[in-house]
Amino acid sequence: MIELSDVSASYGNVPAINGVTINVGEGEAVGLLGANGAGKSTTLRAISGLVKLTSGAITFLGVDLASLPPHKITELGIAHVPEGRQVFPEMTVNENLEIGSYAPRAKADRASSLDLVYSIFPRLAERRKQLAGTMSGGEQQMLAVGRGLMLKPRLLMLDEPSLGLAPVMCDVTFEKVAEIHKMGTAILLVEQNVSRALTLVQRAYVLESGKVILDGTTAQLAGNKQVQAAYLGI
Amino acid sequence: MLEILAQAVINGLLIGGIYALVSIGVTLIFGVVKIVNFAQGEFVMIGMYISFFLATQFGIDPIVSLAVSMPVLFVIGVLIQHFLIRRVLGLNDLPQIFLTFALSLLIVNLSLMLFTANYRTVHTWYSDEAFRVGGLYIPVAKLVAFVLAMILSGALWIFLHTTDLGKAMRAASQNRDVAQLMGINPNRVFAVALGIALALAGAAGSLLMPFYPAYPLVGQVFVLMAFVAVVLGTLGNVIGALIASLLMGVAESLGIQFIGADSGLIVVFMLLLITLALRPSGLAGGRRR
Ligand SMILES: Nc1ncnc2c1ncn2[C@@H]1O[C@H](COP(=O)(O)OP(=O)(O)O)[C@@H](O)[C@H]1O
Ligand SMILES: [Mg+2]
């Protein structure tokens with residue numbers, strides 16, 4: 001449903017990704033793995049329009065994204081849960097979720113989406129009136145994911161949802177993402193925690209210095225010597 | 001003595017309401033668009049002249065002419081955002097500072113040319129009326145201005161906290177990139193922020209007209225106070241700006257009463273310096289609402 005072909009993007013004159021070609025099919029869960037600074041976040045930012053492409057093309061369900069501003073890309077049904085959660089700290093949990101369905105495609109179904117998010121994350125329901133900035137990292141991560149779900153996304157992009165979370169919260173987060181995937185949402189999961197990511201996705205790409213150096217099914221990658229040595233500590 | 005004190009506090013609160021309308025606009029623009037609008041006082045002046053002309057040409061009461069000055073200034077705000085500010089966003093701070101500064105100078109000089117430097121006043125039937133409560137004296141025009149200023153501030157708060165567009169503005173002020181990921185068009189919320197801020201300045205102008213003269217440089221009186229209130233109340237914080245404006249009105253009034261007629265601003269700026277020294281991010285701390 002989404003295809004990046006030969007996508008490059010840079011910050012100023014410094015290239016961050018260089019000729020990235022990846023795709024995610026309907027209902028698929030795909031991983032984008034790699035070390036810090038490999039260009040994973042930049043790839044997601046290129047998809048959602050926050051960084052402009054210097055070359056290459058991105059199409060989503062046949063629509064060319066390169067010329068669209070971020071808010072129009074969101075309206076197509078691509079939810080981007082950014083690295084470091086980035087909830088709106090001075091808004092309540094409920095307001096954060098409401099704003100997640102600001103886009104016209106999601107607004108009419110706000111009430112049912114809220115019910116769904118609160119049923120997936122009962123912890124958020126208990127804290128509806130709490131300011132998001134006063135919650136724990138794990139709770140903020142749930143909120144960021146829930147806020148993404150409020151868009152009723154066709155594609156949910158998650159940027160290191162386990163970053164900085166205690167192991168228990170990390171488990172919970174991955175469980176919830178698996179649950180969301182089972183409901184039929186396509187997922188593009190960025191992770192440094194490769195072993196965890198491979199439990200969730202069907203396929204993955206490995207990024208290094210802004211380039212895809214490996215790709216394959218979960219089983220292929222888990223069996224790959226290079227992946228084992230560099231990312232799985234085997 | 002107690003009565004003099006109470007009277008000074010009342011005078012300060014009443015004018016503080018006007019300061020609040022100006023400073024809330026400045027803080028809203030800063031919070032959402034991240035620019036400092038040095039021309040905010042000039043839009044108060046435009047609001048005053050709109051009410052002045054409607055009063056002298058058509059006999060319309062300045063309070064009633066709020067219904068004209070606010071929408072006119074809203075539209076001016078949207079146009080300024082669309083045609084001027086939008087072009088300097090994303091650049092460094094200097095073009096932004098010079099843009100609103102140049103706008104301020106342009107408007108002042110245009111009004112000197114069009115309206116001359118003469119003081120213009122509107123005398124309404126309530127301009128000299130006052131309530132007397134105990135020994136206290138409450139001018140009707142100032143009371144009306146204060147009450148309407150509080151109603152408008154409250155309406156803005158309700159807008160920001162209950163409507164989608166208002167929440168989108170708060171979201172954009174807290175994290176612009178992520179706001180875009182929510183489907184928020186930044187140009188749209190910036191235009192609305194400018195529109196609302198200028199409409200509030202226009203309202204301040206109309207509300208001043210029954211008891212304050214209009215002249216091309218009048219905006220500077222109010223913008224100075226507004227900037228102090230915005231810093232005291234923590235940049236970008238609407239409630240902070242409101243409370244700080246009322247405090248500053250009272251501080252100024254106490255200064256005039258107890259130190260000397262020219263000393264109001266001395267007290268205000270002392271308050272600012274002490275606050276900045278003790279709480280550099282303003283009375284509301286780092287919080288932005
Ligand atoms: N805002 C930025 N400004 C300049 N360079 C950046 C910025 N963000 C990332 N980079 C650089 O781009 C490269 C890719 O970064 P990023 O996409 O964040 O990697 P990852 O998410 O895989 O850790 C890195 O070299 C990083 O230093
Ligand atoms: Mg990253």
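Whatever comes next refers back to the structure up there.
Read on for an overview of the structure. Everything numeric in this text was worked out from a predicted model, so none of it was measured.

1. Some points on the packing of helix α5 (residues 140-162) of chain B against helix α8 (residues 186-208) of chain B
All names here are of chain B.
- At their nearest, the axes of α5 and α8 sit 10 Å apart, and the two run at 170° to each other. Relative to α8, α5 is oriented roughly antiparallel. In this structure, α5 uses Ala145, Leu148, Ala149, Leu152, Leu156 and Phe159 to contact α8, whose residues at the interface are Val192, Ile196, Leu200, Ala203 and Leu207.
- Tallied by class, residues from the contact of α5 with α8 come to eleven nonpolar, no polar and no charged.

2. Remarks on the interface of chain B and chain A
- In this complex, chain B contributes 23 residues to the contact, which on the side of chain A involves 23 residues.
- Both faces considered, chain B and chain A share a buried interface measuring about 2,100 Å² in area, 57% of it formed by carbon and sulfur atoms.
- Of all residues in chain B, Asp164(B), Leu181(B) and Met182(B) give up the largest surface area on contact with chain A, accounting jointly for 33% of the area buried on that side.
- In this structure, the connection of chain B to chain A is made through five salt bridges.
- The salt bridge involving Glu98(A) is made with Lys167(B); its shortest N-O contact spans 2.5 Å.
- Across the contact surface, chain B and chain A share nine residue pairs in polar contact (both at pLDDT 80 or more).
- Elements that contribute at least two residues to the side of chain B that touches chain A include exactly α6 (164-174), α7 (176-181) and α8 of chain B.
- In terms of residues, the side of chain B that touches chain A owes the most to one element, α6(B), which gives seven residues.

3. Topic: the site of ligand 1
All names here are of chain A.
- As a matter of local geometry, ligand 1 sits amid Tyr11, Ala16, Ala35, Asn36, Gly37, Ala38, Gly39, Lys40, Ser41 and Thr42.
- Here Asn36 contributes a side-chain N or O atom positioned 3.2 Å from an oxygen atom of ligand 1.
- Thr42 is positioned with one of its side-chain polar atoms (N or O) 2.4 Å from an oxygen atom of ligand 1.
- In isolation ligand 1 offers 560 Å² of accessible surface; the protein chains occlude 58% of this area.
- No other element matches the three residues that helix α1 (residues 40-48) contributes to the shell around ligand 1.
- Of the residues assigned to the shell around ligand 1, the class counts are four nonpolar, five polar and one charged.

4. Describing the nonpolar core
- Among the nonpolar cores identified, the biggest contains 92 residues, and Val33(B), Phe43(B), Met169(B), Ile184(B) and Val189(B) are the most heavily contacted of them.
- Looking at this core, the element that brings in the most residues is α8(B), giving 15 residues.
- Not counting residues up to four positions away in its chain, the partners in contact with Val33(B) are Leu28(B), Gln81(B), Ile85(B), Leu89(B), Arg176(B), Phe190(B), Ala193(B) and Leu194(B).
- The next biggest cluster of nonpolar side chains, apart from the first, holds 44 residues, and it includes Leu114(A), Leu158(A), Ile187(A) and Leu214(A).

5. Some details on the coordination of the magnesium ion (ligand 2)
- Protein coordination at the magnesium ion (ligand 2): the donors are Ser41(A) (OG) and Glu83(A) (OE), at 2.0 to 2.1 Å from the metal. Here the residue Ser41(A) occupies a position in helix α1, and Glu83(A) occupies one in the loop between β6 (78-81) and α3 (93-100), the gap between them amounting to 42 residues.

6. So, unusual backbone geometry
Residues and elements named next belong to chain A.
- At Leu61, a residue that is not glycine, the phi angle is positive and equals roughly 50°.
- Turning to its location among the elements, Leu61 is positioned in the loop between β4 (53-60) and β5 (63-64).
- Looking at Leu61, the relative accessible area reads 38%, which means it is partly exposed.

7. With respect to a nonpolar patch on the surface
Residues and elements named next belong to chain B.
- A surface patch of nonpolar side chains, about 580 Å² in accessible area, is lined by Trp157, Ile158, Ile239, Ile243, Leu247, Leu271 and Leu283.
- Listed by contribution, the elements that provide at least two residues to the nonpolar patch are α5 and α10 (238-258).
- No other element matches α10, which puts three residues into the nonpolar patch.
- If you trace the backbone, Ile158 turns up in helix α5.

8. Some thoughts on the sheet that holds strand β8 (residues 186-191) of chain A
Residues and elements named next belong to chain A.
- One open sheet holds the six strands; their spatial order is β6-β7-β8-β3-β9-β10, and the pairing between them is mixed. With one partner strand each, in any of the chains shown, β6 and β10 (211-217) form the two edges of the open sheet. Across the sheet, the axes of successive neighbouring strands diverge by a mean angle of 15°, strand direction being ignored.
- Pairing of strand β7 (residues 155-159) with β8, which is carried by five bridges, proceeds in the parallel orientation. Bridge assignment links Asp159 to a residue of β8, and that residue is Val190.
- Where helix α8 (residues 167-182) meets the sheet, it contacts β3 (29-33), β7 and β8, and its direction lies at approximately 155° from that of β8.

9. Here we look at the pattern of salt bridges
- Inspection of every chain in the model, using the stated rule, returns eleven salt bridges over all chains.
- Across the salt bridge formed by Arg203(A) and Glu28(A), the nearest N and O atoms sit 2.6 Å from each other. A residue pair is termed long-range when its members are at least 10 positions apart, and Arg203(A) in strand β9 (residues 203-208) and Glu28(A) in the loop between β2 (14-24) and β3 qualify at 175 residues.
- Relative accessible area serves as the criterion here: at 16%, Glu28(A) is assigned to the buried category.
- Two residues, Glu160(A) and Lys40(A), come together in a salt bridge whose shortest N-O distance is 3.9 Å. Residue Glu160(A) is located in the loop between β7 and α8, and its partner Lys40(A) is located in helix α1; the two are separated by 120 residues in the primary sequence.
- Several salt bridges converge on common partners, so that one network encompasses Lys107(A), Arg110(A) and Asp164(B).

Rules behind the numbers
- Residues numbered from 1 in each chain as written.
- Chains lettered and ligands numbered in written order.
- Predicted model: local features only at pLDDT ≥ 70, side-chain atom pairs only at ≥ 80, totals over all residues.
- Heavy atoms only, no water.
- Axes fitted to C-alpha atoms, helices over the stretch in contact; angles between N-to-C directions.
- Helix = DSSP H or I, 4+ residues; strand = E, 2+ residues; numbered from the N terminus.
- Parallel < 35°, antiparallel > 145°, perpendicular 65-115°, else oblique.
- Contact = heavy atoms within 4.5 Å.
- Nonpolar A, V, L, I, M, F, W, Y, C, P; charged D, E, K, R; others polar.
- Buried area = accessible area lost by both parts, 1.4 Å probe.
- Salt bridge = Lys/Arg side-chain N within 4 Å of Asp/Glu carboxyl O.
- Polar contact = N/O pair within 3.5 Å; in protein donor to acceptor, adjacent residues only side chain to side chain.
- Near = heavy atom within 4 Å.
- Areas by Shrake-Rupley, 256 points an atom, 1.4 Å probe, with all protein chains shown as cover.
- Core = buried A, V, L, I, M, F, W, Y, C linked by side-chain atoms within 4.5 Å.
- Buried < 20%, exposed > 50% of the residue type's maximum accessible area, 1.4 Å probe, protein only.
- Donors = N, O, S within 2.8 Å, 3.2 Å for Na, K, Ca; no water.
- Patch = residues over 30% accessible without salt bridge, like charges linked within 9 Å, V, L, I, M, F, W, Y side chains within 5 Å.
- Pairing = 2+ DSSP bridges.

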